[in-house]
Amino acid sequence: MTTFSIPVHARIESLSWENQFFAVNSGILRIKDGAPLLTAQRLDTFSRVQAKISGQQIVLLDGLQLLGFKLVEGEVDLALAVGTQNAATSVELATSADIPVLRDLAAKIFTQSRFRAPWYQPADSGRFYAQWVENAVLGTFDHECLLLRNGGAIQGFVSMRQLNESEARIGLLAGRGVGGQLMDAARFWCQQRGVETLRVATQTSNTAALRRYIQSGANIESTAFWLYR
Ligand SMILES: CC(=O)SCCNC(=O)CCNC(=O)[C@H](O)C(C)(C)COP(=O)(O)OP(=O)(O)OC[C@H]1O[C@@H](n2cnc3c(N)ncnc32)[C@H](O)[C@@H]1OP(=O)(O)O
Ligand SMILES: Cc1cn([C@H]2C[C@H](O)[C@@H](COP(=O)(O)OP(=O)(O)O[C@H]3O[C@H](C)[C@H](N)[C@H](O)[C@H]3O)O2)c(=O)[nH]c1=O
């Protein structure tokens, strides 16, 4: 077999938040024509390098695999026109008092993740989504976390981030059997802020979430591959 290489030009940006949280030395490729040629020597300065490429960039997919990258997960990005039809549901805003229960739920329910073993420690993924939902309640990453309750118990939650005047993104969304109500809550949150486009992403393998987003009116905008070395 002939060995060959496909040149990839990229900067490697250190992932400082992740490095502190996971106690690793990781970076992410910023692929761009005109950036320096990617070599094994440059990659070796990090213990982990992530790459996110469009699902259509198959030559790049080959090039990265030749450099030792492995496919970790696929991602689908969707968008929904918020519209004006009233999407109000009986949700409430999570407060600090909800954090322990939300952390526990988030740590268990997001079973499909790119922060998985063997790339990360077995407990890292759960710890990551627990931190994510806590930060959403505190407004330090996502801006707010909405809750759906049945009696006193939390049935589901959705965290929201406003990206700019016209766009928002769902961070985390979870609640078996109440996905539709959570999407309505997210749409209502957008309507209250005059946001026109609601974005959401999930793993290619998460068919239940993909079905939910499409049934709630979202369309697929793009797909991507996550690779790690
Ligand atoms: C932006 C993001 O956070 S993406 C991640 C989305 N969240 C998750 O994956 C968390 C776990 N899943 C859930 O909370 C919910 O299933 C949602 C929000 C994805 C969808 O909710 P709903 O639209 O109400 O659908 P529902 O929960 O009833 O699931 C639909 C079917 O998929 C099944 N299903 C859902 N998740 C899983 C899973 N992880 N593994 C196996 N089956 C599953 C359900 O059992 C159900 O099957 P059924 O119709 O035979 O009863
Ligand atoms: C909590 C928190 C996180 N960050 C950083 C850490 C990461 O670099 C990014 C988040 O990365 P993302 O690619 O969005 O992560 P996931 O692949 O896990 O997310 C997808 O799947 C989830 C289940 C969910 N559907 C999500 O919407 C998807 O994108 O942010 C940070 O800087 N500060 C923080 O507080």
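Here the structure is a predicted model, which is why all the values come from computation and not from measurement.

1. Some points on the site of ligand 1
- Close to ligand 1 lie 19 residues, the nearest being Leu-173, Gly-175, Gly-177, Asn-206 and Arg-212.
- Here an oxygen atom of ligand 1 and a backbone polar atom of Gly-179 are 2.8 Å apart.
- With respect to ligand 1, the side chain of Asn-206 contributes an N or O atom lying 2.8 Å from an oxygen atom.
- With the chains in place, 64% of the 930 Å² that ligand 1 exposes on its own is no longer accessible.
- Contributions of two or more residues to the shell around ligand 1 are made by β8 (167-174), β9 (197-203) and α7 (207-215).
- Split into classes, the residues belonging to the shell around ligand 1 amount to 11 nonpolar, 6 polar and 2 charged.

2. Here we look at the UniProt feature "domain: N-acetyltransferase" (unreviewed entry) in the protein chain
- As recorded in UniProt, the feature "domain: N-acetyltransferase" (unreviewed entry) lies at residues 89-229.
- End-to-end, the C-alpha atoms of residues 89-229 are 44 Å apart, and along that stretch the chain is 35% helix and 31% strand.

3. Some details on the site of ligand 2
- Ligand 2 sits among 15 residues. The nearest are Glu-18, Tyr-129, Asn-135, Gly-171 and Ala-201.
- Here Glu-18 contributes a side-chain N or O atom positioned 2.4 Å from an oxygen atom of ligand 2.
- Contact distances for ligand 2 include 2.8 Å between a nitrogen atom and a backbone N or O atom of Ala-201.
- Protein chains shield 84% of the accessible area of ligand 2, which is 720 Å² for the free molecule.
- Looking at the shell around ligand 2, the elements with two or more residues in it are α1 (16-22), α5 (124-138), β8 and β9.
- Examining the composition of the shell around ligand 2, we find that 4 residues originate from one element, α5, more than from any other.
- Class assignment for the residues of the shell around ligand 2 results in 10 nonpolar, 3 polar and 2 charged.

4. Quick look at the pairing of β9
- Across the 7 residues that make up β9, a large majority, 5, are buried.
- Sheet topology places strand β4 (residues 70-81) next to β9; 7 bridges connect them, and they run antiparallel. Its bridge partner lying in β9, Leu-80 is registered against Leu-198.
- Both β8 and β9 contribute to a ladder of 3 bridges, which runs parallel. Bridge pairing in β9 links Arg-169 to Arg-199.
- With helix α6 (residues 179-193) bridging β8 and the parallel β9, this β-α-β connection has right-handed handedness.

5. Looking at the UniProt feature "binding site: acetyl-CoA" (unreviewed entry) in the protein chain
- Following the UniProt record, one finds the feature "binding site: acetyl-CoA" (unreviewed entry) at Leu-173, Ala-174, Gly-175, Arg-176, Gly-177, Val-178, Gly-179, Asn-206 and Arg-212.
- Tracing the sequence through the fold places Gly-179 in helix α6.
- For Arg-212, the position within the fold is in helix α7.
- Setting aside chain neighbours within four positions, we find Arg-212 in contact with Gly-179, Gly-180 and Met-183.

The rules behind the values
- Residues numbered from 1 in each chain as written.
- Chains lettered and ligands numbered in written order.
- Predicted model: local features only at pLDDT ≥ 70, side-chain atom pairs only at ≥ 80, totals over all residues.
- Heavy atoms only, no water.
- Near = heavy atom within 4 Å.
- Polar contact = N/O pair within 3.5 Å; in protein donor to acceptor, adjacent residues only side chain to side chain.
- Areas by Shrake-Rupley, 256 points an atom, 1.4 Å probe, with all protein chains shown as cover.
- Helix = DSSP H or I, 4+ residues; strand = E, 2+ residues; numbered from the N terminus.
- Nonpolar A, V, L, I, M, F, W, Y, C, P; charged D, E, K, R; others polar.
- UniProt positions renumbered as here; feature names shortened; annotations may be inferred.
- Buried < 20%, exposed > 50% of the residue type's maximum accessible area, 1.4 Å probe, protein only.
- Pairing = 2+ DSSP bridges.
- Right-handed = clockwise from strand over helix to strand, strands pointing away.
- Contact = heavy atoms within 4.5 Å.

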